[in-house]
Amino acid sequence: MRNFLIRLIINTVALWVVSSLYGGITFAPGSGLGDYLLAGLVLGLVNTFIRPVLLVLTLPINFLSLGLFTLVVNAVVLLIVAALTSLNVSGFVGAVVGALLLTVVSYLLNLLLR
C-alpha cells in the first residue's frame, strides 16, 4: 500500500511539473488537486495494465528501432490518460515530447525519494 501511494504521488507531481513546464500538456481550466490525483492514478493504472501489452505487441518494431519506439508507446499511454481525465495534450507530437519530459521528471523524482 505504501509503494502504491508513493507511485501515485510521483505520478501526480510529475504530471504537475510537466504541465507547468511544457505548454503541449495542460490541465483543463479550473482543475484542482483532485484532477491531478485522478490523472496520476489513471497514469499508474495504464502503465501497469495497458503499457506492457502495447510493448509486447510492438516488440518487432521496438527491436528494429533499437528501443526508440518505446517513446511512441509512452506517447500513446499519455494520450490514453488524456482521453480519460481532464489532461489536455496538443496532438501526437505534444504527446511524444510530453512523454519524454514525463519520463525524465519521474526518474528524477524517483531518485529524490529513494
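Before reading further, recall that the structure is shown in the block above.
The structure presented is a predicted model; accordingly, all values stated were derived computationally and were not measured. (Residues numbered from 1 in each chain as written. Predicted model: local features only at pLDDT ≥ 70, side-chain atom pairs only at ≥ 80, totals over all residues. Heavy atoms only, no water.)

## Some remarks on the environment of F63
With respect to the secondary-structure elements, F63 resides in helix α4 (residues 59-64). Considered as a pair, F63 and A95 are 32 residues apart in the sequence and their alpha carbons are 22 Å apart. (Helix = DSSP H or I, 4+ residues; strand = E, 2+ residues; numbered from the N terminus.)

## Comments concerning the packing of aromatic side chains
Scanning all chains against the criterion turns up one aromatic pair. Aromatic side chains F27 and Y36 sit 4.1 Å apart centroid to centroid with 45 degrees between the ring planes, which places their arrangement in the tilted category. Here F27 matches Y36 in class, with each residue buried. (Phe/Tyr/Trp six-rings, centres within 6.5 Å; stacked < 30°, edge-to-face > 60°. Buried < 20%, exposed > 50% of the residue type's maximum accessible area, 1.4 Å probe, protein only.)

## Structural notes on the packing of helix α1 (residues 2-21) against helix α2 (residues 33-49)
For the pair α1 and α2, interaxial distance at closest approach is 8 Å and the crossing angle is 115 degrees. The angle between α1 and α2 places the two elements in the roughly perpendicular class. In the packing of α1 onto α2, the handedness of the crossing is right-handed. Residue-level inspection shows F4, L8, N11, T12, L15, W16 and S19 of α1 in contact with α2, the latter providing Y36, L37, A39, G40, L41, L43 and G44. Counted by class, the contact of α1 with α2 contains nine nonpolar, five polar and no charged residues. (Axes fitted to C-alpha atoms, helices over the stretch in contact; angles between N-to-C directions. Parallel < 35°, antiparallel > 145°, perpendicular 65-115°, else oblique. Left-handed = near helix turned anticlockwise from the far one by under 90°. Contact = heavy atoms within 4.5 Å. Nonpolar A, V, L, I, M, F, W, Y, C, P; charged D, E, K, R; others polar.)

Function-wise, these values are silent; they only describe arrangement.
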